[in-house]
Amino acid sequence: MSEDIFRIVYKSKAAHPAEVMLGQGHVAALLASARRRNLAADVSGVLVYTGLGFFQVLEGPRSGVQPIFESILVDRRHHTLAVIEMDVAAERRFPGWSMGFLGTDRELDDRLNRSGLGAAGAPETFDQLLRRALLVLVDSPISMPWLGARAAFDEASGSARARWP
Ligand SMILES: Cc1cc2nc3c(=O)[nH]c(=O)nc-3n(C[C@H](O)[C@H](O)[C@H](O)COP(=O)(O)O)c2cc1C
């Protein structure tokens, strides 16, 4: 009865300039809406934000992950995006996490995760979250050099990259 878990791991460069990190309000709002939609689609995962870019794992039924990833692909908050792994697995890596978050401020992470890790995802420490996220990254084959989603969009629309160096 268990359905295969479809998983996408990507990293991206943020569209904003390096010195303009997304504020906590922005991150909290992003997480709140992502978690709502992920929960409804039975999607779990983790999002890492460094200020320069994102790393994210999305996992769940293909019918849930795919439309969410399609939205993410065209989200203008990314500049360029590369898929690290796209695979089918028997188990989730982040069960119960509608979207765990790892940023650069531990206190903020704890606060943001209080509302984001569902019953099954009872508070793991920052270190465990970091460890797991890094293991995913290290263990993942760098596969498809993919898709400059933003760059492709810019080129297609002729707006080029003038805005962000
Ligand atoms: C770094 C990043 C991660 C995101 N992660 C998710 C996510 O896990 N789930 C989700 O539904 N939306 C996520 N979003 C938001 C989507 O890109 C999109 O804005 C939202 O799902 C609404 O999509 P729609 O405009 O197609 O309805 C993320 C956006 C960014 C910039």
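Residues numbered from 1 in each chain as written. Predicted model: local features only at pLDDT ≥ 70, side-chain atom pairs only at ≥ 80, totals over all residues.

- The protein has the name BLUF domain-containing protein in an unreviewed UniProt entry, where Methylobacterium platani is given as its organism.

**Some points on the site of the ligand**
Logical step 1: Ala 34, Arg 37, Ser 71, Asp 75 and Arg 77 are the nearest of the 14 residues found near the ligand.
Logical step 2: When contributions to the shell around the ligand are tallied by element, the ones reaching two or more residues are helix H1 (24-40), strand E3 (53-60) and helix H2 (62-73).
Logical step 3: Broken down by element, the shell around the ligand gets its largest block of residues, four residues, from H1.
Logical step 4: For the shell around the ligand, the per-class residue count stands at eight nonpolar, three polar and three charged. (Near = placed C-beta within 6 Å. Helix = DSSP H or I, 4+ residues; strand = E, 2+ residues; numbered from the N terminus. Nonpolar A, V, L, I, M, F, W, Y, C, P; charged D, E, K, R; others polar.)

**Some thoughts on the environment of His 78**
Logical step 1: Structurally, His 78 is set in strand E4 (residues 78-89).
Logical step 2: Here His 78 falls in the buried class, since 22 other C-beta atoms lie within 10 Å of it. (Buried ≥ 20, exposed ≤ 12 C-beta atoms within 10 Å, placed from the backbone.)

**Some words on the sheet that holds strand E1 (residues 5-14)**
Logical step 1: Overall, mixed pairing links the five strands, which are arranged E4-E1-E3-E2-E5 in an open sheet. Both outer strands of the open sheet, E4 and strand E5 (100-102), are each paired with one neighbouring strand and no more. Neighbour to neighbour, the strand axes of the sheet diverge by 10 degrees on average, direction disregarded.
Logical step 2: With six bridges joining them, strand E2 (residues 44-49) and E3 adopt antiparallel strand pairing. The partner of Tyr 49 across the bridge, within E3, is Phe 54.
Logical step 3: Its contacts with the sheet put H2 on E1, E3 and E4, and the angle it makes with E3 is roughly 160 degrees. (Pairing = 2+ DSSP bridges. Axes fitted to C-alpha atoms, helices over the stretch in contact; angles between N-to-C directions. Contact = placed C-beta atoms within 7 Å.)

**Regarding the nonpolar core**
Logical step 1: Core analysis: the largest hydrophobic core is formed by 28 residues, its most contacted members being Val 46, Leu 47, Val 48 and Met 99.
Logical step 2: At the level of secondary structure, the elements contributing two or more residues to this core comprise E1, H1, E2, E3, E4, E5 and helix H4 (126-139).
Logical step 3: Take this core: its biggest share by element is six residues, from E1.
Logical step 4: Beyond its immediate sequence surroundings of up to four residues, Val 48 is in contact with Phe 54, Phe 55, Leu 102 and Ala 133. (Core = buried A, V, L, I, M, F, W, Y, C linked by C-beta atoms within 7 Å.)

**Section: the confidence of the model for the protein**
Logical step 1: Per-residue confidence for the protein gives a mean pLDDT of 79; residues scoring 70 or more make up 76%.
Logical step 2: Within the protein, H2 carries the highest mean pLDDT (96), whereas helix H5 (residues 149-157) carries the lowest (52).
Logical step 3: Segment residues 143-150 is flagged for pLDDT under 50; beyond a separation of four residues in sequence, or across chains, it makes 20 contacts in the model.
Logical step 4: Note that residues 159-165 has pLDDT below 50 and, in this model, six contacts with residues that lie over four places away or in other chains. (pLDDT = per-residue confidence, 0-100.)

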